[in-house]
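Reading the structure
Listed here are the chains, written in short residue letters.
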Amino acid sequence: MVTRAESAAATRRSLLDAAATLLDLGGPEAVTLREVGARAGVTRGAPYRHFADKDSLLTAVATEGWERVGDEVHALRLDPDLSPAEKLRAALHALTGVGRDQPHLYREMCSEPAGDPTAAVLAAERTQDEFRGIVAEVVGEQNSRHYGALLLAGAHGIAAMELSGYLAADKWHTTADEVIDTLVRMVAAAGRD
């Protein structure tokens, strides 16, 4: 027999999955509590029992996005088979990959949450801390904040330029992946100085 708490958790999970799908398909405009509920196959009132409004729902989706990236970066940081530079490269690809593969989610993750930001901020900070741990392996703990901030700003810029079409290969004769590789080489070389 399913408990009330298990049923509520399953409903919340269905709502979050439906919202993430709608966000991927049509951006924030496509996400309405009514459409999310219909897609999740729950009663009309169910979304309102789990989320105060659309902003709260989108903030929860963005929080889960940060949690997934944080889990991926954590696993990279602990991977004994990768060199520090390989970990750094893969972590940057994880961050920019969200922008490439789920641009609407990326924008939600990188904008100020309209709902209660507490969980989103904690998830983003955890991801940044995991990332800084990788950066510290490359440049040392003392330099990890400076180079970590530089790399995150670079990754955000790469993702934004790629999304907007401004990082066009025919103009710059490079790709986002090549720019990431260059950043990693530059930081790794600077970290050895």
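All residue numbers here refer to positions counted from 1 along the written sequence of the relevant chain. Restriction of local features to residues with pLDDT of at least 70 applies here, the model being predicted, together with a cutoff of 80 or more for giving and counting side-chain atom pairs; totals for whole chains, interfaces and linings are based on all residues. Water and hydrogen atoms play no part in the side-chain values, which are based on all heavy atoms of the structure.

1. With respect to the confidence of the model for the protein
- Predictor confidence is given residue by residue as pLDDT, running from a minimum of 0 to a maximum of 100. Overall, the predicted model of the protein reaches an average pLDDT of 94, with 99% of residues at or above 70.
- Put simply, DSSP H or I for four residues or longer makes a helix, DSSP E for two residues or longer makes a strand, and each gets a number counted from the N terminus. Confidence, expressed as mean pLDDT per element, reaches its minimum in the protein at helix H9 (residues 169-172) with 87 and its maximum at helix H4 (residues 54-78) with 97.

2. Describing the pattern of salt bridges
- Should a side-chain nitrogen of Lys or Arg be within 4 Å of a carboxyl oxygen of Asp or Glu, the pair is scored as a salt bridge. One pass over the structure, following the stated rule, counts nine salt bridges.
- With a shortest N-O distance of 3.2 Å, Lys 87 and Glu 137 are connected by a salt bridge. With a gap of 50 residues between them, Lys 87 in helix H5 (residues 84-101) and Glu 137 in helix H7 (residues 118-139) connect regions that are remote in the sequence.
- The exposure class of Glu 137 is partly exposed, given its relative accessible area of 34%.
- Here Arg 132 makes a salt bridge to Glu 141, at a shortest N to O gap of 2.7 Å.
- Residue Glu 141 is classed as exposed on the basis of its relative accessible area, which comes to 53%.
- Among the charged side chains, a salt-bridge network with shared partners connects Arg 13, Asp 17 and Glu 64. A simple rule labels every residue: compare its accessible area, found with a 1.4 Å probe on the protein chains alone, to the largest value its type can have, and call it buried under 20%, exposed over 50%, or partly exposed in between.

3. Things to note about H7
- Working rule for helices: expected span equals 1.5 Å times residues minus one. With 22 residues, H7 extends 31 Å between its outermost C-alpha atoms, agreeing within 8% with the 32 Å of an ideal straight helix rising 1.5 Å per residue.
- When H7 is considered as a whole, its buried residues turn out to be Ala 120, Ala 123, Ala 124, Thr 127, Glu 130, Phe 131, Arg 132, Ile 134, Val 135, Ala 136, Val 138 and Val 139.
- Gly 140, located one to two residues past H7, shows a positive phi value of around 90°.

4. Points about the nonpolar core
- Residues belong to one nonpolar core when they are buried, are Ala, Val, Leu, Ile, Met, Phe, Trp, Tyr or Cys, and are joined through side-chain atoms within 4.5 Å. Val 31, Val 36, Leu 57, Leu 88, Leu 92, Phe 131 and Leu 151 are the most contacted members of the largest nonpolar core, which totals 46 residues.
- Of all the secondary structure elements, the ones that give two or more residues to this core are helix H1 (4-26), helix H2 (33-40), H4, H5, helix H6 (103-109), H7, helix H8 (141-164) and helix H10 (176-192).
- Top contributing element to this core by residue count: H4, with nine residues.
- Each residue touching Leu 92, except ones within four places of it in the same chain, is listed here: Phe 131, Leu 151, Ala 155, Ile 180 and Val 184. For this analysis, residues touch if any pair of their heavy atoms sits within 4.5 Å.

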